Protein chains: 2
Amino acid sequence: MFFWQKDNLMQVDVSLGVTIGGTHTVFGYVDQKGKCLAHSTIPTIAHQPADLFFERLHSNAAALFDTIHEKCKLIGIGVGAPNANYYTGMIENPPNLSWENVNVWAEIRKYYTIPVAITNEANVIALGEMLFGAAQGMKNFIEITLGTGLGSGIVANGELICGADGNAGEIGHTTVDLQGRECSCGRRGCLETYVSAKGICRTVQDLMSHSTEGSDLRSVSPENLTFKMINDAAQRGDRFALEALEYTGTILGIKLADSVAHLSPEAVIFFGSSIAAGDLIFKPAKQSMEEHLFGMFKNKVKLLPSGLSEEVASILGSSALIWSDMKTPAGISTL
Amino acid sequence: MFFWQKDNLMQVDVSLGVTIGGTHTVFGYVDQKGKCLAHSTIPTIAHQPADLFFERLHSNAAALFDTIHEKCKLIGIGVGAPNANYYTGMIENPPNLSWENVNVWAEIRKYYTIPVAITNEANVIALGEMLFGAAQGMKNFIEITLGTGLGSGIVANGELICGADGNAGEIGHTTVDLQGRECSCGRRGCLETYVSAKGICRTVQDLMSHSTEGSDLRSVSPENLTFKMINDAAQRGDRFALEALEYTGTILGIKLADSVAHLSPEAVIFFGSSIAAGDLIFKPAKQSMEEHLFGMFKNKVKLLPSGLSEEVASILGSSALIWSDMKTPAGISTL
């Protein structure tokens, strides 16, 4: 009896953080201090039905848990996924997946009886930053994920803002120019058509089309052009790459001034592959934001890089859904 | 002893709601259900020092309380004022007042020993709508005050959003057009230079300058032109007035789409003198907002008029600072 008690007392509570992407799904077990005790990856296989995916996820997650189960107690599951709705537990018409609408709570209920919470990828990163990253101690901040598109998560009064329908924080679809670039959402001039990996590629194309100056980037087809090529070219001093990154920062700063006017955040925190451009984007972004800020907000708002370890950032963020003290939506707590 | 107890039990808790304007200050005693038991008005006398104002406010408020004190117990004071900061208790460089920086907590502490809370005018209206008006039962909404300028208050997760510095909710100073109209804030193209009483007057001037068509409004100097004249002219079918109101609604809708993308509110609630234009502004606003909304937000967000009685709206709102369950800032609770 004594040994059982001792053993039990030494167990650490962990939550399972899962982030579902279009090609890969990452998952891992994270304790309340943000330490990831074990993590792994499986292919998502986007064309397969969702129930097969969750079956595979469970068997792989269970196998991984076997490696740490002696010292850990699993207390909840947090899931980040495209178009995941915190209130309903549904993933709704996710881009890059064939799933249409999936009830994640119900799928996970087949295998587990612990609390489950879900939200979209940018929101889980925002929670991860708040609990374990660059936003520790902050009660008001905006997280922006600069990947293929532009995702965002908003924290105000110390809480993630999901809005009336669970979909708040779509800053990537605020408008820069009503007559601007076509967006995959069907509208024109959305922020993410300028400020994102794809947006930066479009800017380089546009700049080159207006000039006769040479550039290595002219040998790459628009289809094959990537943010990494542009960032590498910028390091070599390529004019179009440098100008595109500066333009990106300027547009970002203009729209950040609008976001600050809404929310008065302590900081805007940037995550994602495109932040590799560093000062080439964020110096002009800061300058442009300050130039366009309403007077009372000037020189107050920090622009910061993510404080999460890149390898496990999205796992930490998803697990934070369990560790944060978010109000539990109906039906989520007793699966 | 019996009678004392009986008398005491019949007393109703009230909070004193005060709203300080550039010319007049209104105040009144409001119970927890939003019933205003007594209210009055004093001139603000903007050029006098703040301490004299608060002395006058106290003597007038005390005299008014004498008329109801037998049935009421005063439990707190809520103050709405320009540039009032919820966190610091300060009014900071208020427009239209000579006060520079005033510590409202300290001024009121001279006369009262009950809790005091302050915030700006748009925020108190937002709280008033949530507790007693059109937003009852809503946890996510935006309040927009269309007066001389455009003020706004944001409620998310059931709480007023003040941001990191206490100044969140300045939607009037988001940007419509970087090269647009000069704003009194020193920038260009702010939303309130288009969507506000003053903005509507500027639009009428602009429209008339491009046309030779006749209008009664041509006989009024730009200095003397008012929103009321324009709204009256619109009722008579004046082309410039009608076009200006439609243009105002269109611009409003475009920017509301951005606000919705941030916050996903259940409704946007409109307060202030300019809402008298009704459908002439709000029909095009709704149409324009829906046209520019990101897909997942379409046909979800209501545009609603204020649900507060106009005569005492700002008093109800200010008193709501005490009745709402906002987290108390340090130093506010035990004056």
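Residues numbered from 1 in each chain as written. Chains lettered and ligands numbered in written order. Predicted model: local features only at pLDDT ≥ 70, side-chain atom pairs only at ≥ 80, totals over all residues. Heavy atoms only, no water.

Counted under the stated rule, the structure contains zero disulfides over all chains. The thiol of Cys-162 of chain A is unpaired, and the distance to the nearest cysteine sulfur, on Cys-162 of chain B, comes to 20 Å. Left unpaired, Cys-201 of chain A is separated from the closest cysteine sulfur, that of Cys-183 of chain A, by 15 Å. (Disulfide = S-S within 2.5 Å.)

Let us look at the interface of chain A and chain B. Between chain A and chain B, the contact holds 41 residues from the first and 41 residues from the second. When chain A packs against chain B, the two sides together hide about 3,400 Å² of surface, and 57% of this comes from carbon and sulfur. For chain A, the biggest contributors to the area lost against chain B are Asn-157, His-262 and Phe-294 of chain A; these three give 21% of the whole. At the boundary of chain A and chain B, one finds four salt bridges. Of the charged contacts in the structure, one is a salt bridge between Lys-255 of chain B and Asp-258 of chain A, with a shortest N-O distance of 2.7 Å. At the junction of chain A with chain B, the criterion picks out 24 residue pairs in polar contact (both at pLDDT 80 or more). Breaking the side of chain A that touches chain B down by element, the ones donating at least two residues are strand 9 (150–156), strand 10 (159–160) and helix 7 (239–263) of chain A. Looking at the side of chain A that touches chain B element by element, the count peaks at seven residues for helix 7 of chain A. Of the residues belonging to the side of chain A that touches chain B, the class tally is 19 nonpolar, 13 polar and nine charged. (Contact = heavy atoms within 4.5 Å. Buried area = accessible area lost by both parts, 1.4 Å probe. Salt bridge = Lys/Arg side-chain N within 4 Å of Asp/Glu carboxyl O. Polar contact = N/O pair within 3.5 Å; in protein donor to acceptor, adjacent residues only side chain to side chain. Helix = DSSP H or I, 4+ residues; strand = E, 2+ residues; numbered from the N terminus. Nonpolar A, V, L, I, M, F, W, Y, C, P; charged D, E, K, R; others polar.)

Looking now at the packing of aromatic side chains. A complete count under the given rule lists 16 aromatic pairs over all chains for this structure. Linked through ring pairs, Phe-53, Phe-54 and Trp-99 of chain A together constitute an aromatic cluster. (Phe/Tyr/Trp six-rings, centres within 6.5 Å; stacked < 30°, edge-to-face > 60°.)

Residue and element names in this part refer to chain A. Within strand 8 (residues 141–146), six of the six residues are buried, which leaves it mostly tucked inside the rest of the structure. Pairing of strand 8 with strand 9, which is carried by six bridges, proceeds in the antiparallel orientation. The partner of Ile-144 across the bridge, within strand 9, is Ser-152. Here strand 8 folds back onto strand 9 in antiparallel fashion, the turn holding three residues. Taken together, the five bridges between strand 8 and strand 11 (residues 267–271) define a ladder with parallel strand orientation. Counterpart to Thr-145 in the pairing with strand 11 is Phe-271. (Buried < 20%, exposed > 50% of the residue type's maximum accessible area, 1.4 Å probe, protein only. Pairing = 2+ DSSP bridges.)

This part is about helix 8 (residues 279–292) of chain A. All names here are of chain A. Here helix 8 is 14 residues long and its end C-alpha atoms lie 19 Å apart, about the 20 Å a rise of 1.5 Å per residue gives. All buried positions along helix 8 are accounted for by Ile-281, Phe-282, Pro-284, Ala-285, Ser-288, Met-289, Glu-290 and His-292. For helix 8, the elements touching its buried residues are strand 8, helix 5 (197–209), helix 7, strand 11 and strand 12 (302–305). (Expected span 1.5 Å × (residues − 1).)

A few words on the sheet that holds strand 2 (residues 24–31) of chain A. Residue and element names in this part refer to chain A. The mixed open sheet is built from five strands, whose spatial order is 3-2-1-4-7. Edge positions in the sheet fall to strand 3 (36–43) and strand 7 (116–119), since each has one partner strand and no second. Strand after strand, the sheet turns through a mean of 20° between neighbouring axes, direction not considered. Two strands pair when backbone bridges link them, and strand 1 (residues 12–20) and strand 4 (residues 72–80) are joined in this way by eight bridges, in the parallel orientation. By the bridge assignment, Gly-17 is partnered in strand 4 with Gly-78. Contacts between helix 2 (residues 50–66) and the sheet are confined to strand 1, strand 2, strand 3 and strand 4, with strand 2 contributing the most and set at about 40° to the helix. Packing against the sheet, helix 4 (residues 121–132) makes contact with strand 2, strand 4 and strand 7, and its axis sits at approximately 115° to strand 7. (Axes fitted to C-alpha atoms, helices over the stretch in contact; angles between N-to-C directions.)

On to the pattern of salt bridges, then. Counted under the stated rule, the structure contains 22 salt bridges over all chains. Counted as one network, the salt bridges with shared partners bring together Lys-255 and Asp-258 of chain A together with Lys-255 and Asp-258 of chain B.

Let us now look at the pairing of strand 2 (residues 24–31) of chain B. Residues and elements named next belong to chain B. Here strand 2 lies mainly inside the structure; six of its eight residues are buried. Where strand 1 (residues 12–20) and strand 2 come together, seven bridges link them in antiparallel fashion. Each bridged residue has a counterpart across the sheet, and for Thr-19 the counterpart in strand 2 is Val-26. Counting the residues that bridge the hairpin from strand 1 to strand 2 gives three residues. Looking at chain direction, strand 2 and strand 3 (residues 36–43) are connected through seven bridges and run antiparallel. The partner of Phe-27 across the bridge, within strand 3, is Ser-40. In sequence, strand 2 turns back onto strand 3 through a hairpin of four residues, with Gly-34 there showing a positive phi of about 90°.

Judged by nonpolar contacts, the single largest core of 94 residues is most densely connected at Phe-270 of chain A together with Phe-270 of chain B. Dropping the residues within four chain positions of it, Phe-270 of chain B is found in contact with Ile-144, Leu-146, Leu-252, Leu-256, Ile-275, Phe-282, Leu-303, Leu-304, Pro-305 and Ser-306 of chain B. (Core = buried A, V, L, I, M, F, W, Y, C linked by side-chain atoms within 4.5 Å.)

What follows covers the relation of the copies chain A and chain B. Structural alignment of chain A on chain B gives an RMSD of 0.1 Å, achieved by rotating through 180° and translating 0.0 Å along the axis. What we have between these two chains is a two-fold relation. When the interface residues of chain A are mapped onto chain B, 100% of them again lie at the interface, so the same face is used by both copies. (Least-squares fit on C-alpha atoms with pLDDT ≥ 70 in both.)

Turning our attention to the sheet that holds strand 10 (residues 159–160) of chain B. All names here are of chain B. The strand order 10-9-8-11-12 describes an open sheet built from five strands, whose pairing is mixed. Both edges of this open sheet fall to strand 10 and strand 12 (302–305), since each of them pairs with a single strand only. Lying on the sheet, helix 8 (residues 279–292) is in contact with strand 8 (141–146), strand 11 (267–271) and strand 12; it crosses strand 12 at an angle near 160°.

As a further point, take the environment of Met-326 of chain B. Residue and element names in this part refer to chain B. Mapped onto the secondary structure, Met-326 falls in the segment after helix 9 (313–323). Separated by 175 residues in sequence, Met-326 and Gly-151 place their C-alpha atoms 20 Å apart. In contact with Met-326, other than residues within four places in its own chain, are Tyr-86, Leu-127, Leu-160, Cys-162 and Leu-321.

This part is about the confidence of the model for chain A. One rule of thumb: low pLDDT means the predicted coordinates there are not for detailed reading. All names here are of chain A. Taken over all residues, the pLDDT of chain A has a mean of 93, while the share at 70 or more is 95%. Contacts for the low-pLDDT stretch residues 330–335, under 50 throughout, to residues beyond four places or in other chains number 14 contacts. The complex prediction reports pTM at 0.94, with the ipTM value standing at 0.94. (pLDDT = per-residue confidence, 0-100.)

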